[in-house]
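So the chains spell out like this:
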Number of protein chains: 2
Amino acid sequence: MAKKISMAVIRRLPRYYRYLSDLLRVDIKRISSKELSQRMGITASQIRQDLNCFGGFGQQGYGYNVESLYKEIGKILGVDRRFTTIIIGAGNMGNALANYENFKKRGFDLIGIFDINPNRVGQYINGIEIMHMDRLEEFMKNNVVDIAILTVPSHSTAEVAEKVADLGVKGIWNFSPQDLKLSHNVVIENVHLSDGLAVLGYRIKEQEQG
Amino acid sequence: MAKKISMAVIRRLPRYYRYLSDLLRVDIKRISSKELSQRMGITASQIRQDLNCFGGFGQQGYGYNVESLYKEIGKILGVDRRFTTIIIGAGNMGNALANYENFKKRGFDLIGIFDINPNRVGQYINGIEIMHMDRLEEFMKNNVVDIAILTVPSHSTAEVAEKVADLGVKGIWNFSPQDLKLSHNVVIENVHLSDGLAVLGYRIKEQEQG
DNA sequence: ATAATGATTTGAATTAATTAACAGGAGGAG
DNA sequence: CTCCTCCTGTTAATTAATTCAAATCATTAT
């Protein structure tokens, strides 16, 4: 096996996963690519092609077994494995993310929150105490931290990223508008909320005109 | 003109826009595709190809004029035009978005916040009063609302979306994990934060293994 | 049992996106 | 003024992604 799965497919997997989860909830046991395509608004062809990348879980004349497909995609995405995360920056966005229940369900355990603001330090978010950044190094030596979620102001993002990378983090989820690039082999996902908004604006303009 | 610009290109524009903005800030007047490619981590070819979609702003032997390119991309994205927005759902995420200064800079004016929780109604976020959902209809009849930002629980997303669509919104920025589909010709951008996190998890696993 | 149906698999064909190559204009040095 | 270098616009080549279509297997009905 081990034929390489393209990133385009990978980025669609969470979406499949979500839809399958919904199907499970309403107790639908099996589904054909055709019906799934109608629900998701993509072609049946693509679904079959995508799902085939990691071995045929479908059965001709039957469709896909929702549960096993769900599990399989989960396995590929790494839901069978748990990741520990910390949030750095307990501002509005950090706070929102810390309260986001979905992450835990998906295998991401928040084990620490850090901030530099003395007024925030000592407060609790979702049962987790906000620690001062001074304690970050100590904390990361005593705990395995897989992912650092950065919700700090742009100007300090690079510095903080360097630090957590040095301390052995495996991935960084960066919410600062500044793109992050590191020499370490740390996996980085930059989130740019306002980019999405800008695209929305473009599409609205487009629709108004054409 | 009017050769169609692909969505792949459009989705890259905000990124160009950001980098150009950074260049302006440090007073760099001109830039070549080559240098920009190094900064952004994409090929120079692609940059030239992209920028060419909307007419040659570059000059041979010189490069691109940062300021005029910045303005031009802004124009395409619709930064010259302002959009009014409302946030529905004043929970953690709604609160975070309401406090996000960047949106205003990019042409998006928040003019209303709505929630159903009586404890939240009447409070202010970033100078804007939280109104009860009961007042939404009235509000939208007295104000032009271009975009509704939905940060409500999944189970009520569809209903709220229908409502704002009926009331004449042009675009919806949906933060609920549930994908949104409407019959109206309202432009929808679904944001799925946890999808990004899932991909991060996948990439970490991938790197660990090989 | 057997035929008909429905839905996957597989691989080819098409379409889209990205990268590479190149011809030629603009700027700068001498 | 002339040459040389730089860097774009553009076309061509490559690679990736998506769709189509034939072959085939499970299920269901007769």
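The rules behind these values
Residues numbered from 1 in each chain as written. Chains lettered and ligands numbered in written order. Predicted model: local features only at pLDDT ≥ 70, side-chain atom pairs only at ≥ 80, totals over all residues. Heavy atoms only, no water. Near = heavy atom within 4 Å. Polar contact = N/O pair within 3.5 Å; in protein donor to acceptor, adjacent residues only side chain to side chain. Helix = DSSP H or I, 4+ residues; strand = E, 2+ residues; numbered from the N terminus. Pairing = 2+ DSSP bridges. Contact = heavy atoms within 4.5 Å. Axes fitted to C-alpha atoms, helices over the stretch in contact; angles between N-to-C directions. Nonpolar A, V, L, I, M, F, W, Y, C, P; charged D, E, K, R; others polar. Least-squares fit on C-alpha atoms with pLDDT ≥ 70 in both. Core = buried A, V, L, I, M, F, W, Y, C linked by side-chain atoms within 4.5 Å. Buried < 20%, exposed > 50% of the residue type's maximum accessible area, 1.4 Å probe, protein only. Expected span 1.5 Å × (residues − 1). Buried area = accessible area lost by both parts, 1.4 Å probe. Salt bridge = Lys/Arg side-chain N within 4 Å of Asp/Glu carboxyl O.

Asker: How do you make sense of the protein's contact with DNA strand D when you look at a structure like this?
Answerer: As a structural note, the neighbourhood of DNA strand D is formed by 24 residues, with Arg-12, Thr-43 and Gln-60 of chain A together with Ser-33 and Asn-52 of chain B the closest of them. One of the side-chain nitrogen or oxygen atoms of Ser-6 of chain A is found 3.3 Å away from a phosphate oxygen of DNA strand D. In the model, a phosphate oxygen of DNA strand D is placed 2.8 Å from a nitrogen or oxygen of the Tyr-64 of chain B side chain. For the surface near DNA strand D, the secondary-structure elements that each account for two or more residues are α1 (7-25) and α3 (44-52) of chain A together with α4 (44-52), β2 (58-59) and β3 (63-65) of chain B.

Asker: Please explain the sheet that holds strand β1 (residues 30-31) of chain B as it appears in this structure.
Answerer: Strand pairing within a sheet occurs via backbone hydrogen bonds; the two strands may be parallel or antiparallel. Residues and elements named next belong to chain B. Read across the sheet, 3 strands follow the order β1-β3-β2 without closing on themselves; strand pairing throughout is antiparallel. Only two strands of the sheet have a single partner each, and these edge strands are β1 and β2. In this structure, β2 lies alongside β3, joined through 2 bridges in antiparallel fashion. By the bridge assignment, Gly-58 is partnered in β3 with Tyr-64. Packed on one face of the sheet, helix α5 (residues 66-77) meets β1 and β3 and runs near 70° to β3.

Asker: Where do I start with the packing of helix α4 (residues 66-77) of chain A against helix α10 (residues 193-209) of chain B in this structure?
Answerer: To characterise two packed helices, one gives the angle between the axes of the helices and the distance between these axes. Running from amino to carboxyl end, α4 of chain A crosses α10 of chain B at an angle of 65°, the nearest separation of the two axes being 8 Å. When α4 of chain A is examined against α10 of chain B, the residues Lys-75, Ile-76 and Leu-77 of chain A are found in contact with a partner set consisting of Ala-198, Gly-201, Tyr-202 and Lys-205 of chain B. Taken together, the residues that form the contact of α4 of chain A with α10 of chain B break down as 4 nonpolar, 1 polar and 2 charged.

Asker: Sorry if this is basic, but what is going on with the protein's contact with DNA strand C here?
Answerer: The environment of DNA strand C is made up of 24 residues, and the closest members are Ser-33, Arg-48 and Gln-60 of chain A together with Ser-45 and Gln-60 of chain B. Taking all atoms of DNA strand C within 4 Å of the protein, the share assigned to sugar and phosphate is 58%. Residue Gly-61 of chain A places a main-chain N or O atom 3.2 Å away from a sugar or linking oxygen belonging to DNA strand C. Measuring from a phosphate oxygen of DNA strand C, one finds a side-chain N or O atom of Arg-12 of chain B at 2.8 Å. At the level of elements, α3, β2 (58-59) and β3 (63-65) of chain A together with α4 of chain B are the ones that each hand at least two residues to the surface near DNA strand C. By residue number, the principal contributor to the surface near DNA strand C is α4 of chain B, which donates 4 residues. Split by residue class, the surface near DNA strand C holds 3 nonpolar, 18 polar and 3 charged.

Asker: How should I be thinking about the relation of the copies chain B and chain A in this particular structure?
Answerer: The operation relating the two chain copies consists of a rotation about an axis and a shift along that axis. When chain B is fitted to chain A, the residual RMSD is 0.1 Å, and the transformation amounts to a turn of 180° plus an axial shift of 0.0 Å. Given the turn and translation reported, the copies of this chain are related as if by a two-fold rotation axis.

Asker: Is there a simple way to explain the nonpolar core in this structure?
Answerer: The nonpolar side chains of a soluble globular protein tend to be buried with one another. With 46 residues, the main nonpolar core has Trp-173 and Leu-193 of chain A together with Leu-97, Trp-173 and Leu-193 of chain B as its most contacted residues. When neighbours within four sequence positions are excluded, Leu-193 of chain B is seen to be in contact with Leu-97, Trp-173, Phe-175, Val-191 and Leu-193 of chain A together with Met-93 of chain B. Listed in part, the 24 residues of the second largest apolar core include Ile-5, Tyr-16, Ile-42 and Ile-73 of chain B.

Asker: Got a minute to help me understand the pairing of strand β4 (residues 83-88) of chain A in this structure?
Answerer: Remember that side chains alternate between the two faces of the sheet whenever the strand is regular. Residue and element names in this part refer to chain A. Burial runs high along β4: 6 of the 6 residues are buried. Burial of β4 is two-sided: the residues Phe-83, Thr-85 and Ile-87 facing one way and the residues Thr-84, Ile-86 and Ile-88 facing the other way are all buried. Taken together, the 6 bridges between β4 and strand β5 (residues 108-115) define a ladder with parallel strand orientation. Counted as the bridge partner of Thr-84 is Asp-109 from β5.

Asker: So what exactly am I meant to see when it comes to helix α2 (residues 13-25) of chain B here?
Answerer: Working note: α-helix, 3.6 residues per turn, so residues spaced by three or four point in the same direction. With 13 residues, α2 of chain B should cover 18 Å at 1.5 Å per step; its first-to-last C-alpha distance of 18 Å lies within 8% of that length. Here α2 of chain B has its buried residues at Leu-13, Pro-14, Tyr-16, Tyr-17, Arg-18, Tyr-19, Leu-20, Ser-21 and Leu-23 of chain B. Check the buried side of α2 of chain B and you find it contacts α9 (193-209) of chain A together with α1 (7-10), β1, α3 (33-40), α4 and α5 of chain B. Two residues or fewer past α2 of chain B, Asp-27 of chain B is found with a positive phi of approximately 65°.

Asker: Got a minute to help me understand the interface of chain B and chain A in this structure?
Answerer: Counting from both sides, the interface comprises 63 residues of chain B and, opposite them, 63 residues of chain A. When the area that chain B buries against chain A is broken down by residue, the three leading residues are Leu-193, Leu-197 and Tyr-202 of chain B, summing to 12%. Remark: the boundary between chain B and chain A carries 12 salt bridges. The interface formed by chain B and chain A contains 26 residue pairs in polar contact (both at pLDDT 80 or more). No other element matches the 15 residues that α10 of chain B contributes to the side of chain B that touches chain A. Split by residue class, the side of chain B that touches chain A holds 30 nonpolar, 15 polar and 18 charged.

Everything listed here is a matter of geometry and, on its own, says nothing about what the molecule does.
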